[in-house]
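Here's the letter readout for the chains.
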Amino acid sequence: MELTIRQLAEGSRLAGRHLARLHTREKNHALLAMAEQLTAQENDILAANSMDLQAAQERGMSAAMQDRLMLTSERLSHMAKALLEVAQLPDPVGEISDIRVRPNGMQVGMMRIPLGVIAIIYEARPNVTSDAAGLCLKSGNAVILRGGSESFHSNRAIVHALQLALQQCRMDPATITLFPTVDRQAMVELLKLDQQIDLVIPRGGEGLIRFVAENSRIPVIKHYKGVCHLYVDEDADLEMAVRLLIDGKTSRPGVCNALETLLVHRQVADVFLPLAEAALAKKGVEMRGCAITCSILASAKAATEADYDTEYLALIISVRVVESYEEALDHLERHSSNHTDVIVTNNLRTSQRFLRDVQSSSVMVNASSRFADGGELGLGAEIGISTTKLHAYGPMGLEALTTKKFIVIGDGQTRHKVDLGGCETLTALLSLRRQSNLAPLSLRAKARTF
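What you see is a predicted model, and the numbers here were worked out from it, not measured in a lab. In this numbering scheme, every chain counts its residues from 1 along its sequence in written order. At least 70 in pLDDT is required for a residue's local features to be given in this predicted model, at least 80 for side-chain atom pairs to be given and counted, and no such filter applies to totals for whole chains, interfaces and linings, which use all residues. Note that the side-chain values use all heavy atoms of the structure and ignore hydrogens as well as water.

1. As for the overall build of the protein
Put simply, DSSP H or I for four residues or longer makes a helix, DSSP E for two residues or longer makes a strand, and each gets a number counted from the N terminus. The number of helices and strands found in the protein is 15 helices and 16 strands. Counting over 450 residues, the protein shows a buried share of 49%. Taking all contacts inside the protein whose residues are at least 6 apart in sequence as the whole, residues at least 24 apart take part in 72%. Each accessible area is a Shrake-Rupley result for a 1.4 Å probe, and residues are judged covered by the shown protein chains and nothing else. Summing over all exposed atoms, the protein offers an accessible surface of approximately 21,800 Å²; the carbon and sulfur share of this is 51%. Categorising residues by exposure relies on relative accessible area from a 1.4 Å probe, with only protein chains included: less than 20% of the type maximum marks a residue as buried, more than 50% marks it as exposed, and the intermediate range marks it as partly exposed. We call two residues contacting when some pair of their heavy atoms lies within 4.5 Å.

Given below as structure tokens:
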């Protein structure tokens, strides 16, 4: 008998409780086994992927999307390697921090714990299946994976391999669960299960993410789009600015940390914009600019206000000339998607103002927007990028898949005075304990042993 959506989620909930109690070495052992099974099941996974690719071709899916969907022996090898890399990352679960001693001698600290059950809803790329499963397992969370219809057979084969590894390690296969249908109404039913699922992370186009956010009773970590900016300040190194522009816009235009808008201070516009035009033209980039931009560059097309809110994901960039830092900041406040914004400047004061004033999840000085990535920022791996400030902001690694609870160790402290008068037996027992000179517990001594 097939499980109902609620029963499936309750199974994940139970598996998550067991997973949260596992030692780091047990989770790492499972990750190693998962990597081995991806390799061992290569033929079955590639055969399933061929079915998805054939269906994609019949539906007329674009070549770019088919490339994202396609698996090869090399890509499977990279997926297995990614699981091995997650196994090498520090385990955040059980970490104790912010230890302090209250005036009454009581020790108070914070301990990292798993969130519980995480639902990942995503499109196209089947490598997300193993990446998300590995990150959730290492952080102690059960995961429900709901991929798109275009990769259903691939995802099913990948999850089968991962669950074989869990069984080898005597772990509940429901630790990693593939949502059994791509029916949208069934997904809506899943999104109502706020008692069984703790967090939803959608990854895909803006339409999917908005659908999830509008239909979910469960907290949603999301970013709708990446309208990333490069601001060339009046004190910028212009050669550096050209390099950052080319890398940010053209190295991979179809990703969320690619540049979509160029802001240029009026003081350097006459010099910088022709340099930018020449460099971008070599890469086939279309420039859409404000009136000042179009007066400087004959090749620029007139930009509409809507252009400045557009995530092109293509070789197109919007350009605006601004009269001051304040005008650049005003543009960002109106048009930034809170993903990644960059300033190019040699003025220390201006750079520090930019870091403080701009509220995006990644703010950079003299560095490419393409560094807005968990691996590049030192997280080791990422589950996605959040542009919502609760509870995570920016690229999300293992720590973002946990939360913190308060832990307290005392030595009998009570908030109010307790009178034990007349209880001679209890008083005698307390006297014996004091005489035994038992060493008090210490959070510091236990900081890495939970």
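2. Overview of helix α5 (residues 73-88)
Between its first and last C-alpha, α5 extends 23 Å over 16 residues, near the 22 Å set by a 1.5 Å rise per residue. Among the residues of α5, L76, M79, A80, A82, L83, V86 and A87 are the ones counted as buried. Down the axis of α5, the sector holding all buried residues measures 145 degrees, keeping them to one side. Exposed positions of α5 whose direction lies more than 90 degrees from the buried face are E74 and Q88. Those residues of α5 that are buried are in contact with α2 (24-40), α3 (42-58), α6 (127-138) and α7 (152-168). What a helix is expected to span follows from its residue count: subtract one and scale by 1.5 Å. To obtain the arc, one takes the directions from the helix axis to the C-beta atoms.

3. What to know about the packing of aromatic side chains
Two aromatic rings, drawn from Phe, Tyr or Trp (for Trp, its six-membered ring), form a pair once their centres lie within 6.5 Å of each other, and the interplanar angle then sorts them: stacked below 30 degrees, edge-to-face above 60, tilted otherwise. Under the criterion given, the structure shown has zero aromatic pairs. The aromatic ring of F211 is capped on one face by R184, whose charged end is 4.2 Å from the ring centroid. Remark: a charge is flagged as sitting over a ring if the NZ atom of Lys or the CZ atom of Arg is within 6 Å of the ring centre and within 35 degrees of the ring normal.

4. Some thoughts on the side chain of Q37
Mapped onto the elements, Q37 comes out in helix α2. The exposure class assigned to Q37 is buried, which follows from its relative accessible area of 10%. Apart from the residues within four sequence positions on either side, Q37 is in contact with A161, L164, A165 and Q168.

5. A look at a nonpolar patch on the surface
Patches were defined on residues exceeding 30% relative accessible area and lacking a salt bridge, with like-charge contacts within 9 Å and nonpolar side-chain contacts (Val, Leu, Ile, Met, Phe, Trp, Tyr) within 5 Å. We define a salt bridge as a side-chain nitrogen of Lys or Arg found within 4 Å of a carboxyl oxygen belonging to Asp or Glu. Together, F371, L377 and L379 make up a nonpolar patch on the protein surface, roughly 250 Å² of accessible area in all. Assignment of secondary structure puts F371 in the loop between β13 (362-365) and β14 (384-386).

6. A word on empty space enclosed by the protein
One water molecule sets the probe size; rolling that probe over the atoms shows where empty space is left. Of the two site types, the cavity is a set of points on a 1 Å grid over the protein atoms alone where a 1.4 Å probe fits but cannot get out, and the pocket is an open set with protein on both sides within 12 Å along at least five of seven lines, each lined by residues with an atom within 4 Å of a point. Grid points are joined across faces, edges and corners, and a volume is the space filled by probe spheres set on the points. This structure, assessed with the given rule, holds one cavity of 30 Å³ or more. When residue character is reported, Ala, Val, Leu, Ile, Met, Phe, Trp, Tyr, Cys and Pro are called nonpolar, Asp, Glu, Lys and Arg charged, and the others, Gly included, polar. Of the residues belonging to the lining of the largest cavity, the class tally is four nonpolar, three polar and one charged.

7. Side note on the pairing of strand β9 (residues 286-289)
Of the two faces of β9, only one is covered, namely that formed by M287 and G289; the face formed by E286 and R288 stays uncovered. Note that the unit made of β9, helix α12 (residues 291-296) and strand β10 (residues 301-302) has a crossover that is right-handed. Seen with its strands pointing away from the viewer, a crossover is right-handed when the path leading from the first strand over the helix to the second is clockwise.

8. A closer look at the sheet that holds strand β16 (residues 402-409)
Two strands are said to pair when DSSP picks up at least two bridges between them. The three strands are arranged β1-β2-β16 in an open sheet whose pairing can be described as antiparallel. Two strands bound the open sheet, and with one partner strand each, they are β1 (96-101) and β16. For this sheet the average axis-to-axis angle between neighbouring strands, irrespective of direction, equals 25 degrees. Both strand β2 (residues 107-114) and β16 contribute to a ladder of eight bridges, which runs antiparallel. Among the inter-strand pairings, G109 is bridged to a residue of β16, identified as I407. Axes here refer to lines fitted to C-alpha atoms; in helices the fit is confined to the stretch in contact. Angles between the N-to-C directions go from 0 to 180 degrees.

9. Focus on the pattern of salt bridges
Using the criterion set out here, one finds 17 salt bridges in the structure. A salt bridge links E399 to R112; its shortest N-O distance comes to 3.3 Å. Remark: R112 occurs in strand β2 and E399 occurs in the loop between β15 (394-396) and β16; sequence separation between them is 287 residues. Residue R112 is classed as buried on the basis of its relative accessible area, which comes to 13%. The residue K301 makes a salt bridge to E286 at a minimum N-O spacing of 3.6 Å. Of this pair, K301 sits in strand β10 while E286 sits in strand β9, placing them 15 residues apart in sequence. On the basis of relative accessible area, K301 is assigned to the partly exposed category, the value being 47%.

10. Topic: unusual backbone geometry
Here L390 and H391 are connected by a cis peptide whose omega angle stands at -5 degrees. Note on placement: H391 falls in the loop between β14 and β15. Here D98, not a glycine, exhibits a phi torsion of approximately 55 degrees, which is positive. By the element assignment, D98 lies in strand β1. Relative accessible area serves as the criterion here: at 45%, D98 is assigned to the partly exposed category. Unlike most non-glycine residues, N366 shows phi in positive territory, near 55 degrees. Within the secondary structure, N366 is located in the loop between β13 and β14. Judged by its relative accessible area of 26%, N366 falls in the partly exposed class.

11. So, the nonpolar core
In these notes, a set of buried Ala, Val, Leu, Ile, Met, Phe, Trp, Tyr and Cys residues joined through side-chain atoms within 4.5 Å is what counts as a nonpolar core. Counting 50 residues, the largest nonpolar core has M34, I120, L145, I176, I201 and I383 as the members making the most contacts within it. Ranked by the residues each element gives to this core, the list is headed by α7, at seven residues. When near neighbours in sequence (up to four residues on either side) are disregarded, I176 contacts M34, A133, V143, L145, V159, L162, Q163 and L166. Ranked by size, the runner-up nonpolar core spans 34 residues in total, among them C228, V232, A241 and V264.

12. What to know about the environment of L245
Here L245 is to be found in helix α10 (residues 238-250). For the pair L245 and L379, spaced 134 residues apart in sequence, the C-alpha separation works out to 25 Å. Setting aside chain neighbours within four positions, we find L245 in contact with L230, T250, L259, L262, F272, A276, L280 and I317.

13. A look at α3
Here α3 contains 17 residues, and its C-alpha end-to-end distance of 24 Å stays within 8% of the 24 Å for a straight helix at 1.5 Å per residue. Restricting attention to buried positions, one finds in α3 the residues I45, L46, A48, N49, D52, L53 and A56. End-on, the buried residues of α3 take up no more than an arc of 160 degrees, which puts them together on one face. Residues of α3 that are exposed and angled more than 90 degrees away from the buried face: N43, Q57 and E58. Contacts made by the buried residues of α3 are with α2, α4 (63-69), α5 and α7. Positive phi shows up at G60, right after α3, with a value of about 80 degrees.

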